[in-house]
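Residue-level listing of the chains:
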Amino acid sequence: MISLKSAEEIKRMRDAALIAMAAMEKMLAAVEPGVSTAELDDIAYRHIVGAGAKPSFKGYGGFPGTACISVNDEIVHGIPGHRRLKEGDIVSFDTGAYLKGYHSDMARTVGVGKISEEAEMLIRVTKESFFKGVEQAVSGARLNEIGKAVEKHARAYGLGVVTEFIGHGIGRDLHEDPEVPNYDTGRRGPVMRPGLVLAVEPMLTLGTHKVVIAPNEWTASTKDGSLSAHYENTIVITQDGPCDILTLA
Ligand code: MG
């Protein structure tokens, strides 16, 4: 069931989003060769808890981290740990904060030091595909328009579009209806209405869309070992005009 949020609920979600954004900024600022993913996760944990919120992901389905930190061919749900970042890696961070009963959710991918031109393109096009998608996120439009626009942009660059993981509604629960695929489902999907809050999160690859799950039962990587990038924000459908992006400064 899709729940539309009131102005008061959206205000709370904006507050939760501000905390997630600041935690993300701190993690990104600490990215350098030699830092471990656990150290980066701890930065996010300390920020979120220090701000009086809770990490949305920690304990969700048993996930141990504050952030999912996924390196290179890892797409999503990387578990923070001893792995140390190296020059030339690309790293995806996905995190959220829970405050006053509401969640926020966002993801970014960045390079560690100098990265390949292909990796730069992947990161850039993944971000662009998010914005192409959310241009369609207007009141009265059908949800499938988001995925269609994401997929079209990704395909124009020959990138793989991960289909196994998708965006979602968000609010009192981290994952709510509706599902928000990053591709054309061939079905129009629900009509988007003001107050609909979505996490839109394209995950693109330099190769296949196919996924393998690690023995830890969390970390999803590309089946062919190609690089993957992720870009996500929590957005609100407005009365008129473009959507409001809560997790963007
Ligand atoms: Mg999400």
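The structure this text deals with has already been given above.
What counts, and at which threshold
- Counting from 1, residues in each chain are numbered in the order their sequence is written.
- Per-residue local features are limited, in this predicted model, to residues with pLDDT of at least 70; the limit for side-chain atom pairs, both in listing and counting, is 80 or more; totals at the level of whole chains, interfaces and linings are taken over all residues.
- Excluding hydrogens and water, the side-chain figures rest on all heavy atoms present in the structure.
- Here a donor is any nitrogen, oxygen or sulfur atom (N, O, S) within 2.8 Å of the metal, with 3.2 Å used for Na, K and Ca; water is not among the atoms considered, so some sites may look incomplete.
- Only protein chains enter the accessibility calculation, which uses a 1.4 Å probe. A residue is then buried if its area is under 20% of the maximum for its type, exposed if over 50%, and partly exposed in between.
- In this text, helices come from DSSP runs of H or I with a minimum length of four residues, and strands from runs of E with a minimum of two, each type numbered from the N-terminal end.
- N or O atoms closer than or at 3.5 Å make up a polar contact, with two conditions inside protein: a donor-capable atom paired with an acceptor-capable one, and, for residues adjacent in sequence, both atoms drawn from side chains.
- What makes two residues a contact is simply this: any of their non-hydrogen atoms within 4.5 Å.
- Here, a salt bridge means any side-chain nitrogen of Lys or Arg that lies within 4 Å of a carboxyl oxygen of Asp or Glu.
- DSSP-based pairing: two strands are paired if at least 2 bridges between them are found.
- In a helix, the anticipated span is given by 1.5 Å times the number of residues less one.
- By convention a nonpolar core is built from buried Ala, Val, Leu, Ile, Met, Phe, Trp, Tyr and Cys residues, the set being connected through side-chain atoms within 4.5 Å.
- All axes here are fitted lines through C-alpha atoms, helices being fitted over the stretch that makes contact, and every angle between N-to-C directions spans 0 to 180 degrees.
- Orientation is classified from the angle alone, with under 35 degrees giving roughly parallel, over 145 giving roughly antiparallel, 65 to 115 giving roughly perpendicular, and any other angle giving oblique.
- Two helices crossing with the near one rotated counterclockwise from the far one by less than a right angle form a left-handed crossing, whereas a clockwise rotation gives a right-handed crossing.
- Note on residue classes: Ala, Val, Leu, Ile, Met, Phe, Trp, Tyr, Cys and Pro are nonpolar, Asp, Glu, Lys and Arg are charged, and everything else, Gly too, is polar.

Summarise the coordination of the magnesium ion; cite the residues concerned and give the values.
Taken together, the protein donors to the magnesium ion comprise Asp-105 (OD), His-168 (NE2), Glu-201 (OE) and Glu-232 (OE), at separations of 2.1 to 2.3 Å. Taking the relative accessible area as the measure of exposure, Glu-232 reaches 0% and is therefore buried.

Lay out the side chain of Ser-226 in plain terms, naming residues and giving numbers.
Residue position: Ser-226 is located in the loop between strand 14 (220–222) and strand 15 (228–230). Within the structure, the side chain of Ser-226 is placed 3.2 Å from the backbone nitrogen of Gly-207, a separation counted as a polar contact. Setting aside residues no more than four positions away along its own chain, Ser-226 makes contact with Asn-72, Asp-73, Thr-205, Leu-206, Gly-207 and Thr-208.

Describe the pattern of salt bridges, with residues and values.
Applying the stated rule across the entire model yields 12 salt bridges. The residue Lys-148 makes a salt bridge to Glu-145 at a minimum N-O spacing of 3.2 Å. Of the two residues, Lys-148 and Glu-145 are both situated in helix 4 (residues 144–156); the distance of 3 residues between them amounts to about one turn of the helix. For Glu-145, a relative accessible area of 28% puts it in the partly exposed group. Between Arg-155 and Glu-151 there is a salt bridge; the shortest N-O distance is 2.9 Å. With Arg-155 and Glu-151 both in helix 4 and 4 residues apart, this pair spans about one turn of that helix. Relative accessible area serves as the criterion here: at 48%, Arg-155 is assigned to the partly exposed category. Since its relative accessible area comes to 16%, Glu-151 is described here as buried. Salt bridges sharing partners connect three or more residues here, namely Lys-11, Asp-15 and Lys-100.

Describe the sheet that holds strand 1 (residues 54–55), naming the residues involved and giving the relevant values.
One open sheet holds the 3 strands; their spatial order is 1-5-6, and the pairing between them is antiparallel. Single-partner strands in this sheet number two, and they are strand 1 and strand 6 (102–103). Inspection of the sheet shows strand 1 paired to strand 5 (residues 97–99) by 2 bridges, in the antiparallel sense. Of the residues in strand 5, the one forming a bridge with Pro-55 is Ala-97.

Now, about helix 4: what can you tell me, with residues and values included?
Owing to its 3.6 residues per turn, the α-helix aligns residues three or four sequence positions apart on the same side. An ideal rise of 1.5 Å per residue puts 18 Å on 13 residues; helix 4 measures up with 18 Å between its terminal C-alpha atoms. Within the span of helix 4, buried status applies to Asn-144, Ile-146, Gly-147, Ala-149, Val-150, Glu-151, His-153 and Ala-154. On the buried face of helix 4, the contacting elements are helix 3 (117–134), strand 8 (160–161), strand 10 (176–180), strand 11 (197–200) and strand 12 (203–205). A positive backbone phi angle near 70° is found at Gly-158, which sits one or two residues after helix 4.

Describe the nonpolar core, naming the residues involved and giving the relevant values.
Residues Val-31, Leu-40, Leu-85, Val-91 and Phe-93 are the most contacted members of the largest nonpolar core, which totals 23 residues. Among the elements of the structure, helix 1 (7–29), helix 2 (37–50), strand 2 (67–71), strand 4 (90–95) and strand 5 are those that each provide at least two residues to this core. Counting residues per element, this core draws most heavily on helix 1, which supplies 7 residues. For Leu-40, the contacting residues outside a window of four places in its chain are Met-27, Ala-30, Val-31, Val-35, Ile-69, Leu-85 and Phe-93. Counting residues in hydrophobic clusters, the runner-up holds 17 residues, among them Leu-198, Ile-235, Cys-243 and Ile-245.

Can you break down the pairing of strand 4 residue by residue, with the values?
Across the 6 residues of strand 4, 6 count as buried, placing the element largely inside the fold. Examined bridge by bridge, strand 2 and strand 4 share 5 bridges and lie antiparallel to one another. Residue pairing in the sheet places Ala-67 in a bridge with Thr-95 of strand 4. Across 6 bridges, the pairing between strand 4 and strand 7 (residues 106–111) is antiparallel. When the bridges of strand 7 are listed, Ile-90 appears paired with Gly-111.

Explain the packing of helix 1 against helix 2 to me, and be specific about the residues and the numbers.
Packing of helix 1 against helix 2 leaves a shortest axis separation of 9 Å and a crossing angle of 150°. It follows that helix 1 is roughly antiparallel to helix 2 by the angle criterion. Of the two elements, helix 1 crosses helix 2, and the hand of that crossing is right-handed. Residues Ile-19, Ala-22, Ala-23, Lys-26 and Met-27 of helix 1 lie in contact with helix 2, whose contacting residues are Leu-40, Ile-43, Ala-44, His-47 and Ile-48. Grouping the amino acids of the contact of helix 1 with helix 2 by side-chain chemistry returns 8 nonpolar, 1 polar and 1 charged.

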